[in-house]
Amino acid sequence: MHDTAGTGGHVPVMLDRVLELLAPALTGASPVVVDANLGLGGHSEALLAAHPSLHLIGIDRDPFAIEFSTRRLAPYAGRTTLVHATSDRLADVLAEAGRPSIDGALFDLGVSSPQLDEAERGFAYSYDAPLDMRMDTSQELTAEKVVNTYSAADLTRILRDYGEERFAPRVAGFLVRERAKEAITSTKRLAEIVRDAIPAATRRTGGNPAKRTFQALRIEVNAELAALEAALPAALDALALGGRVVVLSYHSLEDRLTKQVLTARTRDTSPPGLPVPLPAHQPRFRLLTRGAELPSEEEVARNPRAASARLRAAERIRVDHHD
């Protein structure tokens, strides 16, 4: 068992599988891995322990995560570069670290435990808190701002696209009506309004009715999908021959985006009917997973947060020589 003391029992999701998939790419003299969502550093710690010559670059937008991981990874301080940044700055971070080429990349998407566990961060609907939801507490945009200032049309779009909320127009209408009376400033008030907006028959099934709205606001406030859309291709571009990427996503939007990006890179784009495949059209990557892999039942029993995890991985099999 890995030591989880002081991490609120936070266990890295699908850790053994992540290590197994990345290992073949880390056999060189001085491999480099970028952990694009460092969080509490659990995956990174295991990678550094397993590969004594590995240099790890960790990125996280949450100052708490950087501070926590700095302490946790202190035994490996000489082999780590930890950077407070959003993952969409991945290419810049690698350039600034003087490591433009990498052997492995890990994306562990979604919210880290301390953000959910600290009531005042406002991510959860299970207790009352200010309506915040910022992963990076230095940014301006908060969930309160979104809920109280976005137009009904924008709220509907966010709830539909990011929350997959089928009553998005109704929920948006309720929010606009209620905020006109009084600003919506707490998670509890928001959850109440959403519950009132969802038809009673639907409310009886499928968990807390506010769940989808909270997810949508979190993604909007932190521009999570936009960050992934920029960061994942940047990581693929940086991978050396034989380099591997592993992505852990926790809702269908992230998983769908990951699948699209990886599928595009693993496809042969040769025009049909050519007798000889054209090197320029050969895929640069191959998938290492068939569809999305799920955690085992034992892992979900041990770590309920793993329940919604989906894992996809790919390997670089060809390098372009544009020189």
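Quick caveat: nothing in here was measured; it's all calculated off a predicted structure.

**Describing the packing of helix H8 (residues 168-181) against helix H9 (residues 187-197)**
Then, in step 1: The N-to-C vectors of H8 and H9 enclose an angle of 130°; their axes lie 9 Å apart at closest approach. Taken as axis vectors, H8 and H9 run oblique relative to one another. Considering how the two elements wind past one another, H8 and H9 form a crossing that is right-handed. Only Arg-189, Leu-190, Ile-193, Val-194, Asp-196 and Ala-197 of H9 make contact with H8, whose side of the interface consists of Arg-170, Val-171, Phe-174, Leu-175 and Glu-178.
Then, in step 2: Partitioning the contact of H8 with H9 into residue classes produces seven nonpolar, no polar and four charged.

**What about the nonpolar core?**
Then, in step 1: Core analysis: the biggest nonpolar cluster contains 32 residues, and Val-34, Leu-90, Ile-102, Phe-107, Leu-232, Leu-236 and Val-245 have the highest contact counts within it.
Then, in step 2: Only strand S1 (32-35), strand S2 (55-60), helix H4 (90-96), strand S4 (102-108), helix H12 (224-238), strand S5 (239-249) and helix H13 (252-265) provide two or more residues apiece to this core.
Then, in step 3: Among the elements that make up this core, the one with the highest residue count is H12 (eight residues).
Then, in step 4: Excluding anything up to four places from it in sequence, Leu-90 contacts Val-34, Ala-36, Ile-59, Phe-107, Ala-231, Ala-234 and Ala-235.
Then, in step 5: Met-14, Leu-22, Leu-47 and Leu-54 belong to the second largest nonpolar core, which has 28 residues in total.

**Overview of helix H1 (residues 15-22)**
Then, in step 1: Turning to H1, its buried residues number three or more, namely Leu-15, Val-18, Leu-19, Leu-21 and Leu-22. Looking down the long axis of H1, one finds its buried residues gathered within 165° of arc, a one-sided arrangement. H1 presents Asp-16 and Glu-20 as exposed residues on the side facing more than 90 degrees away from its buried surface.
Then, in step 2: Taken together, the buried residues of H1 touch helix H2 (42-50), S4, S5 and strand S7 (310-316).

**Examining the environment of Pro-52**
Then, in step 1: Take Pro-52: it is sitting in the loop between H2 and S2.
Then, in step 2: On a C-alpha basis, the gap between Pro-52 and Ala-29 in space is 10.0 Å, while along the polypeptide they are 23 residues apart.

**Brief notes about the sheet that holds S5**
Then, in step 1: Read from one edge to the other, the open sheet built from seven strands follows the order S3-S2-S1-S4-S5-S7-S6, with strand pairing classed as mixed. The open sheet has two free edges, formed respectively by strand S3 (80-84) and strand S6 (285-287), since each of these has just one partner strand. Put simply, the sheet's adjacent strands are angled 15° from each other on average, direction ignored.
Then, in step 2: Where S6 and S7 come together, three bridges link them in antiparallel fashion. Looking across to S7, one finds that Phe-285 is bridged to Arg-316.
Then, in step 3: Packing of H12 onto the sheet brings it into contact with S4, S5, S6 and S7, and relative to S5 it is tilted by some 155°.

Calculation rules
- Throughout this description, residue numbers start from 1 for each chain and increase along the sequence as written.
- This being a predicted model, a pLDDT of at least 70 is required before a residue's local features are given, and a value of 80 or more before pairs of side-chain atoms are given or counted; all residues contribute to the totals for chains, interfaces and linings.
- Only hydrogens and water are removed before side-chain values are computed, so all heavy atoms of the structure are retained for them.
- Orientation is described by axes fitted as lines to C-alpha atoms, over the contacting stretch for helices, and by angles from 0 to 180 degrees between their N-to-C directions.
- Working definition: helices are DSSP H or I runs of at least four residues, strands are E runs of at least two. Numbering for both runs from the N terminus.
- Here the angle decides the label: under 35 degrees means roughly parallel, over 145 means roughly antiparallel, 65 to 115 means roughly perpendicular, and every other value means oblique.
- Note: crossing handedness is left-handed where the near helix turns anticlockwise from the far helix by less than a right angle, and right-handed where it turns clockwise.
- Residues are treated as being in contact if the distance between any of their heavy atoms lies within 4.5 Å.
- Here the nonpolar group is Ala, Val, Leu, Ile, Met, Phe, Trp, Tyr, Cys and Pro; Asp, Glu, Lys and Arg are the charged ones; every other residue, Gly included, is treated as polar.
- Here, nonpolar core refers to any group of buried Ala, Val, Leu, Ile, Met, Phe, Trp, Tyr and Cys residues whose side-chain atoms link them within 4.5 Å.
- Exposed residues in this analysis have more than 50% of their type's maximum accessible area, buried residues have under 20%, and partly exposed residues fall in between, with area computed by a 1.4 Å probe over protein chains only.
- To be clear, the arc concerns the directions from the helix axis to the C-beta atoms.
- Pairing between strands requires that DSSP locate at least two bridges from one strand to the other.

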